[in-house]
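Observations on the model geometry
Here is how the chains run, residue by residue.
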Amino acid sequence: SQKIEQNSEALNIQEGKTATLTCNYTNYSPAYLQWYRQDPGRGPVFLLLIRENEKEKRKERLKVTFDTTLKQSLFHITASQPADSATYLCAPVTSYGKLTFGQGTILTVHP
Amino acid sequence: ETGVTQTPRHLVMGMTNKKSLKCEQHLGHNAMYWYKQSAKKPLELMFVYNFKEQTENNSVPSRFSPECPNSSHLFLHLHTLQPEDSALYLCASSPQEFRDRANSPLHFGNGTRLTVT
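Below, the structure is looked at part by part. These figures come from a predicted structure and were not determined experimentally.

1. Here's the deal with the overall build of chain B
Secondary structure assignment for chain B yields 0 helices and 11 strands. For chain B, the succession of helices and strands along the chain, N to C, is β-β-β-β-β-β-β-β-β-β-β. The C-alpha radius of gyration of chain B comes to 13 Å, within 12% of the 13 Å expected for a compact globule of 117 residues. In terms of principal-axis extent, the alpha carbons of chain B reach across some 40 × 30 × 30 Å. Evaluated residue by residue, chain B yields a buried proportion of 50% over its 117 residues.

2. A closer look at the pattern of salt bridges
All names here are of chain A. Under the definition given, this model contains 7 salt bridges over all chains. Close ionic contact of D39 with R37 constitutes a salt bridge, the shortest N to O distance being 3.0 Å. By relative accessible area, which is 27% here, D39 ends up partly exposed. Linking E56 and R58 is a salt bridge whose minimum nitrogen-to-oxygen distance equals 2.8 Å.

3. With respect to the interface of chain A and chain B
Tallying the contact residues gives 22 residues for chain A and 18 residues for chain B. Here chain A and chain B share an interface that buries about 1500 Å² over both sides, 56% of which is from carbon and sulfur atoms. Looking at the side of chain A facing chain B, the largest losses of area belong to P44, L99 and F101 of chain A, adding up to 27% of the total buried there. The tally of links between chain A and chain B comes to 0 salt bridges. Along the contact surface separating chain A from chain B lie 5 residue pairs in polar contact (both at pLDDT 80 or more). The leading source of residues in the side of chain A that touches chain B is strand β4 (residues 32-38) of chain A, at 4 residues. When grouped by side-chain class, the residues that make up the side of chain A that touches chain B number 10 nonpolar, 9 polar and 3 charged.

4. Section: the nonpolar core
W35, F75, Y88 and L107 of chain A are the most contacted members of the largest nonpolar core, which totals 23 residues. Going through the elements one at a time, β2 (10-14), β3 (19-26), β4, β5 (45-51), β7 (62-67), β8 (72-77), β9 (86-93) and β10 (105-110) of chain A are the ones with two or more residues in this core. A per-element tally of this core places β3 of chain A first, with 4 residues. Those residues within four positions of Y88 of chain A in sequence are excluded, and the remaining contacts are Q6, L21, Y36, R37, L47, F75, I77, G104, T105 and L107 of chain A. Within the second largest apolar cluster, 22 residues are counted, among which are V4, C23, L76 and C91 of chain B.

Thresholds, definitions, all that
- Residues numbered from 1 in each chain as written.
- Chains lettered and ligands numbered in written order.
- Predicted model: local features only at pLDDT ≥ 70, side-chain atom pairs only at ≥ 80, totals over all residues.
- Heavy atoms only, no water.
- Helix = DSSP H or I, 4+ residues; strand = E, 2+ residues; numbered from the N terminus.
- Rg over C-alpha atoms; globule rule 2.2 N^0.38 Å.
- Buried < 20%, exposed > 50% of the residue type's maximum accessible area, 1.4 Å probe, protein only.
- Salt bridge = Lys/Arg side-chain N within 4 Å of Asp/Glu carboxyl O.
- Contact = heavy atoms within 4.5 Å.
- Buried area = accessible area lost by both parts, 1.4 Å probe.
- Polar contact = N/O pair within 3.5 Å; in protein donor to acceptor, adjacent residues only side chain to side chain.
- Nonpolar A, V, L, I, M, F, W, Y, C, P; charged D, E, K, R; others polar.
- Core = buried A, V, L, I, M, F, W, Y, C linked by side-chain atoms within 4.5 Å.

And the structure:
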């Protein structure tokens, strides 16, 4: 069955460092991969989408990679700030429209 | 302001009560969704509506009854719930449904925190 695993339920880093979050998937081949941010008591907010034929996507301090051979996406936040502390969700999407969320990684950036 | 408004933000209900959750989107989107988020579990898709027609029911118990009177409004009617139904219920919308456009991002409301006693 399809499985999504976001490594590290929680990640703690120092301000200014680069945070790297991992999303691994098995038993299927998504055509897209979306990343969302969720703050406590709030709904998820869409951040970035990357297609299977794109190796890398950037938006300001965010960078996403998509390796279809490794079946993995990496989400990087450079020059991290305490305001980046949140839960980050990956969501692979198949070409026929099935979107499934990972369980999320809680990122805490310490001042 | 997310463009998707959910009310109420918090709801406590007994197992014999009947209540409704409301969702309204101001984004002109055609697809609307209900998701359930329980502690330590991934978001679970419950229902999908496209142009006010239900296109997916993800094996949700009948004690949850959705209603979509138009493309801007979505309701979730609740009756005889169980304590394990306590969770954050999230409404989302997208320009088109995933099956029509697989890269369509979701816009979420801030959810209703439901507690069943």
